[in-house]
Amino acid sequence: MIEILVIMVTGIIIGYLLRQKRAVFAVIDRIVMAVIFLLLFVLGISVGLNETVVSTIHIIGIQAMVLTLGAVAGSITCCWLVWRLFFAQQFDTEVTDER
Amino acid sequence: MKGSLTILCCFIVGVVSGLFVDLPAFATKSDLTLWVLYALIFFVGIGIGGDATTFSVLKKSNIRIFLIPAAIIGGSLAGSAIASLLLHDISIRDAMAIGSGLGYYSLSSIYITEMRGEVLGTIALLSNIMREIFTLLAAPLLVAWFGGTAPIASAGATAMDTTLPIITINSGKEFAILALFSGVVLTIAVPILVTFILS
């Protein structure tokens, strides 16, 4: 977790220093997309290689899926409510101001 | 949507490769995922740092910003508790322990395996992997239907690393710092929540 934060902060500082060079960021966005594809491919490999996951997915996969959908739906609903109640108005004005 | 389908294809090709192809050693070492993730985080950081609107979410939010991860935790616990009513052999408490994993599958599944055995641990692993994969695949739809915070809520603890790029692309860079903040708070909360619920 520490590594992640250090790498992220290093990136943010470099990005901040480069902020005037707009052409760089078009390239960065494309690199990010390409690396996401690579990450999902690699993640897929580790799922395919994990015998526990592969051999049990049809038995307990449904249970896991039901719990996931419940948790995700609950999180999205609560977060949406909090955002509407406490943040949305201020955030919208502020972003509009800066544009 | 096109992006999501491409991502799904990459994932499926990966699963099939893992299952049937005799891969070279460097591709099967779990370290590879980690290094690809580091590269991704680095480039995402550059994108965030160069964006003027990035810090606007945090600027005036102050202490209220903790409401976002708090709402995500509350929603996740309530949602998994309700979902467990559909499942006969999973108790509400066990379901809430799985829900409190918030997508942090490695840690939560290890904790749950130790405290409740391998079956529940594996369900926790699958459920939280699904949460991450669901967020990666559905992020564009979530933003379209429920707004910019929806993939952050769906991502849970993974909003600080694996799902951060996809959140940044779909919700906008102005949500990136909020996602990172929420992900960090939730990552810290997971071991505390799982232990608290199961003890």
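Details of the structure are given in the entry above.
Small disclaimer: the values here were computed from a predicted structure and weren't measured.

Peer 1: For the pattern of salt bridges, give the residues involved together with the corresponding values.
Peer 2: A full pass over the atoms with the stated rule returns two salt bridges over all chains. Across the salt bridge formed by Lys173 of chain B and Asp29 of chain A, the nearest N and O atoms sit 3.7 Å from each other. Highlighted residues: Lys173 of chain B in the loop between α10 (164-171) and α11 (176-198) and Asp29 of chain A in helix α2 (residues 22-49), drawn from two different chains.

Peer 1: Before we move on, can you summarise the packing of α10 of chain B against α11 of chain B with the specific residues and values?
Peer 2: For any two helices packed against each other, one specifies the inter-axial angle together with the distance between the axes. Residues and elements named next belong to chain B. Axis separation between α10 and α11 bottoms out at 9 Å; the angle between their running directions is 145°. Pair α10 / α11 crosses with right-handed handedness. Across from Leu164, Ile167 and Thr168 in α10, the residues of α11 making contact are Ala176, Ala179 and Leu180. Of the residues in the contact of α10 with α11, the class split is five nonpolar, one polar and no charged.

Peer 1: I'd like a rundown of the interface of chain B and chain A, residues and numbers included.
Peer 2: Counting residues at the interface gives 92 residues for chain B and 66 residues for chain A. Sorting the residues of chain B by area buried against chain A places Phe43, Ile46 and Leu126 of chain B first, and these three jointly supply 8% of that buried surface. Taken together, chain B and chain A are joined by one salt bridge. Here the side of chain B that touches chain A gets 15 residues from one element, more than from any other, and that element is helix α3 (residues 31-49) of chain B. When its residues are assigned to classes, the side of chain B that touches chain A shows 56 nonpolar, 27 polar and nine charged.

Criteria and cut-off values
- Residues numbered from 1 in each chain as written.
- Chains lettered and ligands numbered in written order.
- Predicted model: local features only at pLDDT ≥ 70, side-chain atom pairs only at ≥ 80, totals over all residues.
- Heavy atoms only, no water.
- Salt bridge = Lys/Arg side-chain N within 4 Å of Asp/Glu carboxyl O.
- Helix = DSSP H or I, 4+ residues; strand = E, 2+ residues; numbered from the N terminus.
- Axes fitted to C-alpha atoms, helices over the stretch in contact; angles between N-to-C directions.
- Left-handed = near helix turned anticlockwise from the far one by under 90°.
- Contact = heavy atoms within 4.5 Å.
- Nonpolar A, V, L, I, M, F, W, Y, C, P; charged D, E, K, R; others polar.
- Buried area = accessible area lost by both parts, 1.4 Å probe.

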